[in-house]
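Fold and geometry: a report
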Amino acid sequence: MDVIKDLNPEQLEATTTMDRPVLVLAGAGSGKTRVITYRIAYSIFEKFNHPGEILAVTFTNKAAGEMKSRVSQLLQQDVSRLWITTFHSACVRILRQYIDKLGYKKDFSIYDDTDQAGVIREALRSLGQDPKENNIRGISSRISGAKSSLVSPLEFRRMAMSPLQKTVADVYTLYEAILKRNNAVDFDDLLTLAVKLLEEHKEVRDHYRERFKHILVDEYQDTNHVQYRMMQMLSMNKTMVCAVGDDDQSIYAWRGADIQNILNFEKDYPGVKIVKLEQNYRSTQPILDAANRLIHKNSQRNEKKLWTAKKEGQPVQFLLMENEMEEARWVGQQIYYWQNYANRSYGEVAVFYRTHAQSRAFEDVFRGMRIPYRVVGGIKFYDRKEVKDLLAYLRALANPQDEVSLKRIINIPTRGIGDKTLEKIQAYAAAKGISFPAALKESNLLDSISPKTRAKLIEFDSMMDQLRRDCQGMGIKDFLMQLIERLNYFNYLEQSSPVDEEQRIRNVEELVSAAADFENSSEDPSPSAYLNQVALLTDVDIANDANGIVSLMSLHAAKGLEFPLVFLSGMEENIFPSIKESDEDYLTELEEERRLCYVGITRAREQLYLTAAQGRRMYGQMMFNQPSLFIEEIKPQMVNLRHTRNRGNYDDRNSRARRKWIYG
DNA sequence: ACGCCAGGTATTTTT
DNA sequence: TACCTGGCGT
């Protein structure tokens, strides 16, 4: 295999070691995707693995897609049996096959965060608690945390001490019951149920353990406990195992990612070969020096030192502005020069910030300066009302037990079925001990509901039945189009939201064309297959045509990307790092913030600017923060601008000291 | 059933 | 400051 000739010695070792487990500690920009794809190719060409015997798992659909296309380019053969997927879609595939062993039906629905919040709200209400929004979020993240550490409602209840935890335990129990009744699972369930399946059903476990001879996991530093368990279950006692990751880029601890998984890899896989990839092919030396200086301050890490052959480069610069508008204007100015004097493209530029709220100043300024931009993240395409409506129809049609989806669409478009009616059906269902959809079928027996409304209910129900029949054998695109037509959905959009109606229609059209794409590219173009993948899709996956447009995004969204010109904005205490010294676990959290900063820095290929504002409007109030601790640690070149001279009452002793340090 | 207003609340979110 | 949600009035 001559493709491996262009690998460096470390990459080569990581690619070809097959007789023992391999842990690849891949620094930013060191070619880890290359190692994974070449390893797959190598194991097929040299170890005679069949593509169907390989499982490669990543976190994002985008990464999986990229890897897939690179592998099929390398192999030049049929790769349809090769599993290169996200954890979640691998689990969906397993569950669609065997979930009946856990007492679910194979056409289960996948609930997203919003659906989840709705279920929790319902659970709280039926427990006689006040469903406050902040409550719901807190509870949902606790439930999610429990699930991703494989803690059952029963165990959770046993450990619950405080009143809050007891409430969570109650909600958790009820929540699970409701999901089960709806034949639905949430994102966490995809993983936990797959693990459960593998743990409790030997025949399933054996099937996959036998099938997958070669297992690769990307971004291993971000795996949580369930993912870890799953990986263990499939790969235990195998030699063709490869985990790739960078502990310095672990930025999801707050979501349950356990950095110990990567730090303990040696213990879990005895005889492991550890390969460090330290040559960076992305950035210039000044940028890497900055990154190294910063990350060196962390204690919980495997020592690594990135280097590059690109010794020459612009210094990393830091600028302190007066406020966030000045900051945005200055950045806009630089971008303008980049495009118009350096003759480079807007598409090569990215602006990063810690929180989405900070995008606003940039958007305002860029709009004024006619700089084209896109905001990555924020409101998700699949969270838009009109998109969710149509998908809820598809789900309700595919899974007749799905109450959440059914209730969502029962009055969309408006057909005179309101909350009161729903309550009556619900009460009837509870009294008779049947499900909501079953009660709906019998609604003509409900004399508490007016004959007129009863007729509407029957009409709705038979429409659903009819759609269900028509859906048989129809492609997803045609089916969606027919659904839109039958519902007169565009008409409904015009009436219900006359302001942004054209945007909403465009969203629906985009949904239809995404469905068409799916139909053309997928082996199984059925509506249920479409639902599987659409539930797991995110914005990043669809809106990546950044051609000629500046990208604005949070630092978390920046992971895995690279840009020639990068602005890291809002480098201020309390903003980035966004934690306070008084916080519990301050040091641990500070280290995660530092890794986040490291991720941001290492996105830059040629030029990196760090910016901060002395004052910044937040929540309608002016806030004054010192430049970030990270500035001291990075030691960038300080650029003094005349207009950033300090004035006014925020010249307290601290900021004077900090400035003195910065400007000498 | 729908529209308007008040009040609460604002990290990061691969799936 | 600005958004979103839920409650209330029509």
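Located above this text is the structure these notes cover.
Cut-offs applied
- Residues numbered from 1 in each chain as written.
- Chains lettered and ligands numbered in written order.
- Predicted model: local features only at pLDDT ≥ 70, side-chain atom pairs only at ≥ 80, totals over all residues.
- Heavy atoms only, no water.
- Helix = DSSP H or I, 4+ residues; strand = E, 2+ residues; numbered from the N terminus.
- Contact = heavy atoms within 4.5 Å.
- Buried < 20%, exposed > 50% of the residue type's maximum accessible area, 1.4 Å probe, protein only.
- Polar contact = N/O pair within 3.5 Å; in protein donor to acceptor, adjacent residues only side chain to side chain.
- Patch = residues over 30% accessible without salt bridge, like charges linked within 9 Å, V, L, I, M, F, W, Y side chains within 5 Å.
- Areas by Shrake-Rupley, 256 points an atom, 1.4 Å probe, with all protein chains shown as cover.
- Salt bridge = Lys/Arg side-chain N within 4 Å of Asp/Glu carboxyl O.
- Axes fitted to C-alpha atoms, helices over the stretch in contact; angles between N-to-C directions.
- Parallel < 35°, antiparallel > 145°, perpendicular 65-115°, else oblique.
- Left-handed = near helix turned anticlockwise from the far one by under 90°.
- Nonpolar A, V, L, I, M, F, W, Y, C, P; charged D, E, K, R; others polar.

1. Examining the environment of Ile 434
Note that Ile 434 resides in the loop between α19 (419-432) and α20 (436-441). With 305 residues separating them along the chain, Ile 434 and Gln 129 place their C-alpha atoms 24 Å apart. Ignoring anything within four residues of it in the chain, the contact list for Ile 434 reads Tyr 428, Ala 429, Ala 439 and Glu 442.

2. Re the side chain of Asp 246
By the element assignment, Asp 246 lies in the loop between β7 (241-245) and α12 (260-263). Accessibility expressed as a relative area gives 2% for Asp 246, which makes it buried. A distance of 2.9 Å separates a polar side-chain atom of Asp 246 from the backbone nitrogen of Asp 248. Setting aside residues no more than four positions away along its own chain, Asp 246 makes contact with Ala 26, Gly 27, Ala 28, Gln 221, Ile 262, Lys 304 and Tyr 598.

3. Some remarks on a nonpolar patch on the surface
A grouping of Tyr 336, Tyr 337 and Tyr 341 is seen on the molecular surface, where their side chains present a nonpolar patch of about 350 Å² in accessible area. Looking at where Tyr 337 falls in the secondary structure, it is placed in helix α15 (residues 324-340).

4. With respect to the packing of helix α21 (residues 451-471) against helix α22 (residues 476-487)
Viewed as axis vectors pointing N to C, α21 and α22 meet at an angle of 155°, and their least axial separation amounts to 11 Å. The angle between α21 and α22 falls in the class roughly antiparallel. The two elements α21 and α22 cross, and the hand of that crossing is right-handed. From α21, Met 463, Gln 466, Leu 467, Asp 470 and Cys 471 reach across to α22, where they touch Phe 479, Gln 482, Leu 483, Arg 486 and Leu 487. Residue composition of the contact of α21 with α22, grouped by class: six nonpolar, two polar and two charged.

5. Examining the environment of His 225
Looking at where His 225 falls in the secondary structure, it is placed in helix α11 (residues 225-235). On the basis of relative accessibility, which here comes to 31%, the residue His 225 falls in the partly exposed class. Along the backbone, His 225 and Phe 59 are 166 residues apart, and their C-alpha atoms lie at a distance of 14 Å. When neighbours within four sequence positions are excluded, His 225 is seen to be in contact with Ser 148, Ser 149, Leu 150 and Gly 256.

6. Some thoughts on the pattern of salt bridges
Inspection of the entire model under this criterion finds 47 salt bridges. Of the charged contacts, one joins Lys 101 and Glu 203 as a salt bridge, the two residues approaching to 3.1 Å between their closest N and O atoms. Of this pair, Lys 101 sits in the loop between α4 (87-98) and β4 (109-111) while Glu 203 sits in helix α10 (residues 202-211); the two residues are 102 residues apart in sequence, bridging distant segments of the chain. Classification of Lys 101 as partly exposed rests on a relative accessible area of 35%. Its relative accessible area of 45% is what places Glu 203 among the partly exposed residues. Note that Asp 465 is salt-bridged to Lys 441, the shortest N-O span being 3.3 Å. Taken together, the residues Asp 465 in helix α21 and Lys 441 in helix α20 connect sequence positions 24 residues apart. In this structure, a network of salt bridges that share partners links the residues Asp 246, Asp 247, Asp 248, Arg 301, Glu 303 and Lys 304.

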